[in-house]
Amino acid sequence: MKYLPLCFFLFLSNLLSAQVRDASKLPQLGKAPLEKVIDAMTLEEKARLVTGLGFNSTFNHEPVAGRTEVKVIGAAGATFGIPRLNIPTTILADGPAGVRIDPIRYKDSSKTYYATAFPVATLLASSWDTALVRKVGVAFGNEVREYGIDIILAPALNIHRNPLGGRNFEYYSEDPVVAGRMAAAMIKGIQSNGVGTSIKHFAANNQEVNRNNINAILSERALREIYLRGFEIAIQDAHPWTVMSSYNKINGTYTSESHDLLTTILRNEWHYQGYVMTDWFGGKDPIAQMNAGNDLLMPGTPRQVTAITDAVNNGSLKMAILDKNVKNILSIILKTPAFKHYNFSNTPDLKMHALISRQAAEESMVLLKNDTQTLPLKSGTSVALFGSNSYSLIAGGTGSGAVNKPYIVSIEKGLRDAGFIMNKTLSDLYTKHMADYQVNHPVSKNVLAQIKPIDEIGLTDDAIQDLAAREDIAAITIGRNAGEGRDRKLDEDFKLQDVEMDLLKRVSSAFHAKGKKVVVVLNIDNVIETTSWQRYTDAILLAWQPGMEGGHAIANIVSGQVNPSGKLATTFPLTYNDEPSSKNFPGTPVEKPLNVTYEEGIYVGYRYFDTFNVKTAYEFGYGLSYTSFRYGAVKLSSSTFQHRITVRLPITNTGKVAGKEIVQMYISAPVNQLDKPKQELKGFAKTRLLQPGETQIISFTIDAGQLCSFNSNSSSWIADAGRYQVKIGASSIDHRQVAAFTLPRDITVTRTAKVLAPQISISEIKNNNTH
Ligand code: BGC
């Protein structure tokens with residue numbers, strides 16, 4: 001062996017150069033046609049590409065011995081890379097209110113990786129401002145790109161079907177048009193950075209109880225008009241790179257295993273071009289998922305890889321199906337920063353994004369009550385600030401929707417910075433209480449941990465009376481938090497806790513006795529009961545979960561620096577039992593729900609309250625301003641519908657301060673073939689900042705698609721002939737202008753496949769159509 005003959009070296013060098021030549025002949029992603037790249041992949045490689053890298057892969061953990069250094073610690077998942085074919089690993093991270101990655105890295109004290117906590121989706125939707133949401137998306141997407149992420153697992157746009165839904169804060173609205181348009185704006189903003197989105201959770205994922213297995217039983221009409229409509233709007237308008245299927249079943253089939261949903265509807269009817277991934281560990285059968293058109297299984301397990309290779313080998317999964325899924329994934333990988341070797345900085349402009357987060361919060365909060373112009377308050381007003389969350393703002397919810405943010409501006413700090421005088425004794429008391437609370441309740445590492453409202457402190461009557469004597473005004477914050485894995489509770493969550501009610505009553509009576517006022521700030525994830533206590537207050541500001549700059553945003557509204565212009569995109573009912581879904585949420589059997597039947601059908605939110613004349617605490621579309629607006633005469637481009645109708649009207653600021661108005665267009669359709677709600681939102685617009693006396697012309701376009709309802713019998717979207725009323729309003733019940741046009745004959749706008757029908761009959765509530 002010591003002296004090898006020269007011919008051996010010649011042989012070796014020939015072999016090596018042949019291999020190099022062969023490698024250079026391998027089709028490379030981005031250079032060769034996709035088909036050629038796919039042909040060059042082994043079965044194992046294909047199976048690994050359609051299953052993610054796994055939950056415990058190096059991308060989401062600190063480097064450990066034997067593992068290679070990775071680029072984004074704390075990301076939620078990654079796709080398998082195949083370097084020999086120029087296929088990179090791509091990184092997927094949560095979540096809807098900002099990038100969710102680990103802020104501090106192992107052995108790396110020189111740098112942090114915090115991300116901006118933007119306001120939650122429920123708050124953004126209350127802006128009704130697609131330009132603003134797009135602006136948030138542009139900033140958000142910049143952080144996605146600069147932190148080395150390829151696809152952000154957002155936006156989420158399930159429907160607020162029931163106020164107890166634990167993830168409602170991640171979702172926009174009870175209405176699919178608002179949800180779809182908000183999601184579209186967010187997708188456009190994020191994707192303008194050359195990174196991808198994943199709209200989720202497709203579909204009918206409207207509760208957390210038994211979320212991995214719950215079977216949502218609903219009519220084809222409710223599915224199409226309410227639960228799919230928002231996705232359809234967002235997909236067709238904004239083309240998200242990926243879609244995330246949900247955990248639940250729809251009418252008996254897991255969404256990730258449903259060919260009807262993922263192929264017939266999503267690809268064939270809506271012409272979707274991106275790829276579909278499962279929710280994390282969603283569904284059961286990888287082969288059914290492959291066949292359904294669920295291209296990528298996340299986070300990916302070795303068992304799934306084996307199941308897929310075995311299935312191809314034994315003929316139960318066609319190679320052509322696997323190739324199609326691989327192709328869908330590759331065609332998106334081609335667009336990613338990872339593929340383009342983008343040199344990310346890890347230093348997004350957090351300062352600038354904080355300002356955008358603040359602006360979004362300010363322009364979306366909803367002023368629910370403002371008796372005798374309690375707000376705004378003059379700078380220099382002295383404030384007795386009660387409530388634990390006044391000193392510890394809830395910027396956003398928990399779970400995958402949480403964000404590791406650099407700081408949170410509390411309401412107390414916000415008010416102080418805005419020039420209000422905060423009572424020091426109370427501040428010291430609460431600050432200590434919060435410090436003790438945090439020591440005794442460390443943040444759980446378990447993202448699915450139970451969340452309870454923070455304890456209130458006990459204050460004596462004397463202490464409260466003393467504060468009422470000293471300070472100009474009382475403010476009380478009520479906080480609520482929630483997150484994935486569990487739904488909210490009715491008692492002590494939807495309803496106030498006894499201690500909160502007690503504090504509110506005592507503060508109210510002490511301050512009112514001195515002729516002083518009481519303001520409540522709601523720092524909540526979603527709708528709560530307000531009927532039993534709102535009379536103790538003079539003003540209520542709904543701040544939702546406003547992101548990390550929330551305290552400043554609240555202070556700017558309280559001081560009048562910003563005129564509130566948000567309106568509710570979700571109804572506040574008088575009582576929980578008034579919610580139509582309260583009859584069947586979260587399903588049966590009650591001990592461990594397996595099925596949830598949507599007996600309310602299409603009558604979700606205002607569609608129910610308005611149609612059945614059920615009074616609400618604060619209706620859909622409602623919100624106050626420090627100014628007032630006049631809605632001038634509405635003009636339609638025609639009184640007979642041909643292809644479209646344009647609606648125009650002037651909006652004038654008739655008050656004393658500048659402000660923005662959200663103008664809503666509802667349509668009442670004639671009843672012929674189908675039961676109809678009294679009215680449905682078909683358009684909305686927000687004015688620019690109008691100075692006192694200034695007017696802006698607002699216009700809407702109505703096309704045939706906006707007139708139709710889904711007829712399950714004929715599987716078609718139809719517009720009934722007859723008289724359509726156009727109601728332009730400041731809320732769903734505050735209509736300021738009404739006009740009408742006629743549709744001379746029925747129109748079938750689209751025919752669809754007959755899919756996803758319930759297997760049992762549902763006794764859906766019906767309107768007697770007397771409107
Ligand atoms: C959530 C998704 C999230 C995923 C990855 C799941 O538990 O339902 O919304 O994107 O985890 O973190």
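Nothing here was measured: the structure is a model prediction, and the numbers come from that model.

1. Section: the sheet that holds strand β25 (residues 709–711)
The strand order across the open sheet built from three strands is β25-β26-β29, with neighbouring strands paired in antiparallel fashion. The sheet is open, and its two borders are formed by β25 and β29 (747–751), each paired with just one other strand. Across the sheet, the mean angle separating the axes of adjacent strands is 35° when strand polarity is ignored. Set on the sheet, helix α7 (residues 220–227) makes contact with β25 and β26 (716–719); between it and β25 the angle comes to about 155°.

2. A short note on the sheet that holds strand β4 (residues 196–202)
Taking strand neighbours across the sheet as the criterion, the six strands line up as β1-β2-β3-β4-β6-β9 in an open arrangement whose pairing is mixed. Strands with a single pairing partner mark the edges of an open sheet, and in this sheet they are β1 (77–78) and β9 (275–277). Pairing of β1 with strand β2 (residues 91–93) involves two bridges; the strand directions are antiparallel. Within β2, the position partnered with Ala78 by the bridge is Ile91. Sheet strands in contact with helix α6 (residues 176–191) are β3 (151–152) and β4, and its direction is about 155° off that of β4. Packed onto the sheet, helix α9 (residues 259–269) meets β4, β6 (242–245) and β9 and runs at close to 150° relative to β9.

3. Remarks on the site of the ligand
The environment of the ligand is made up of 13 residues, and the closest members are Asp94, Arg167, His201, Asp279 and Glu484. At 2.6 Å from an oxygen atom of the ligand is found a side-chain nitrogen or oxygen belonging to Asp279. At 2.7 Å from an oxygen atom of the ligand is found a side-chain nitrogen or oxygen belonging to Glu484. When the free accessible area of the ligand is taken as 310 Å², the share hidden by the protein chains comes to 92%. Along the lines of polarity and charge, the residues of the shell around the ligand split into five nonpolar, two polar and six charged.

4. Remarks on the UniProt feature "domain: Fibronectin type III-like" (unreviewed entry) in the protein chain
Under the UniProt annotation, "domain: Fibronectin type III-like" (unreviewed entry) lies at residues 661–732. Annotation note: span residues 661–732, helix share 0%, strand share 53%, distance between end C-alpha atoms 14 Å.

5. Things to note about the environment of Tyr172
By the element assignment, Tyr172 lies in the loop between β3 and α6. Overall, the relative accessible area of 1% leaves Tyr172 in the buried class. Remark: the alpha-carbon pair of Tyr172 and Ile159, spanning 13 residues in sequence, is separated by 7.3 Å.

6. Some words on the environment of Ala553
Mapped onto the elements, Ala553 comes out in helix α20 (residues 550–558). Overall, the relative accessible area of 0% leaves Ala553 in the buried class. Note: C-alpha distance between Ala553 and Glu362 (191 residues apart in sequence) is 4.9 Å. Residues within four places of Ala553 in sequence aside, it is in contact with Arg358, Ala361, Glu362 and Met365.

7. Considerations on the nonpolar core
Ranked by size, the top nonpolar core spans 161 residues in total, and within it Phe202, Phe386, Phe511, Leu522 and Trp533 carry the most contacts. Broken down by element, the residue count for this core peaks at ten residues, all from α6. When near neighbours in sequence (up to four residues on either side) are disregarded, Phe511 contacts Ala384, Phe386, Ile464, Leu467, Ala468, Glu471, Ile473, Ala474, Lys516, Lys517 and Val518.

8. Structural notes on the packing of helix α13 (residues 350–362) against α20
Packed helix pairs are specified by the crossing angle of their axes together with the interaxial distance, meaning the distance between the axes. The N-to-C vectors of α13 and α20 enclose an angle of 45°; their axes lie 8 Å apart at closest approach. On the basis of their axis angle, the class for α13 and α20 is oblique. Judged by the twist between their axes, the crossing of α13 over α20 is right-handed. Taking contact as the criterion, the partners of Arg358, Ala361 and Glu362 in α13 are, on α20, His552, Ala553, Asn556 and Ile557.

9. Here we look at the pairing of strand β14 (residues 517–523)
Here β14 lies mainly inside the structure; six of its seven residues are buried. Where strand β13 (residues 473–479) and β14 come together, seven bridges link them in parallel fashion. Counted as the bridge partner of Ile473 is Lys517 from β14. Where β14 lies against strand β15 (residues 539–542), four bridges are found, and the strand directions are parallel. Pairing of Leu522 across the sheet is with Leu542, part of β15.

10. Description of the pattern of salt bridges
By the definition in use, this model includes 39 salt bridges. Residue Arg416 is joined to Glu412 by a salt bridge in which the shortest nitrogen-to-oxygen separation is 3.1 Å. Pair noted here: Arg416 and Glu412 are both in helix α15 (residues 411–417), with a separation of four residues, about one helical turn. Lys766 serves as the salt-bridge partner of Glu764, at 3.9 Å between the closest nitrogen and oxygen. Exposure remark for Lys766: the relative accessible area of 53% places this residue in the exposed category. Look at the salt bridges and you will find they share partners, linking Arg167, Glu170, Glu208, Arg211 and Glu484 into a network.

11. Thoughts on the side chain of Ser427
Structurally, Ser427 is set in helix α16 (residues 424–440). The buried category is assigned to Ser427, whose relative accessible area is 6%. At a separation of 3.3 Å, a polar atom in the side chain of Ser427 contacts the side chain of Glu412. Setting aside residues up to four positions removed in sequence, Ser427 forms contacts with Tyr391, Glu412 and Met422.

Calculation notes
- Residues numbered from 1 in each chain as written.
- Predicted model: local features only at pLDDT ≥ 70, side-chain atom pairs only at ≥ 80, totals over all residues.
- Heavy atoms only, no water.
- Pairing = 2+ DSSP bridges.
- Helix = DSSP H or I, 4+ residues; strand = E, 2+ residues; numbered from the N terminus.
- Axes fitted to C-alpha atoms, helices over the stretch in contact; angles between N-to-C directions.
- Contact = heavy atoms within 4.5 Å.
- Near = heavy atom within 4 Å.
- Polar contact = N/O pair within 3.5 Å; in protein donor to acceptor, adjacent residues only side chain to side chain.
- Areas by Shrake-Rupley, 256 points an atom, 1.4 Å probe, with all protein chains shown as cover.
- Nonpolar A, V, L, I, M, F, W, Y, C, P; charged D, E, K, R; others polar.
- UniProt positions renumbered as here; feature names shortened; annotations may be inferred.
- Buried < 20%, exposed > 50% of the residue type's maximum accessible area, 1.4 Å probe, protein only.
- Core = buried A, V, L, I, M, F, W, Y, C linked by side-chain atoms within 4.5 Å.
- Parallel < 35°, antiparallel > 145°, perpendicular 65-115°, else oblique.
- Left-handed = near helix turned anticlockwise from the far one by under 90°.
- Salt bridge = Lys/Arg side-chain N within 4 Å of Asp/Glu carboxyl O.

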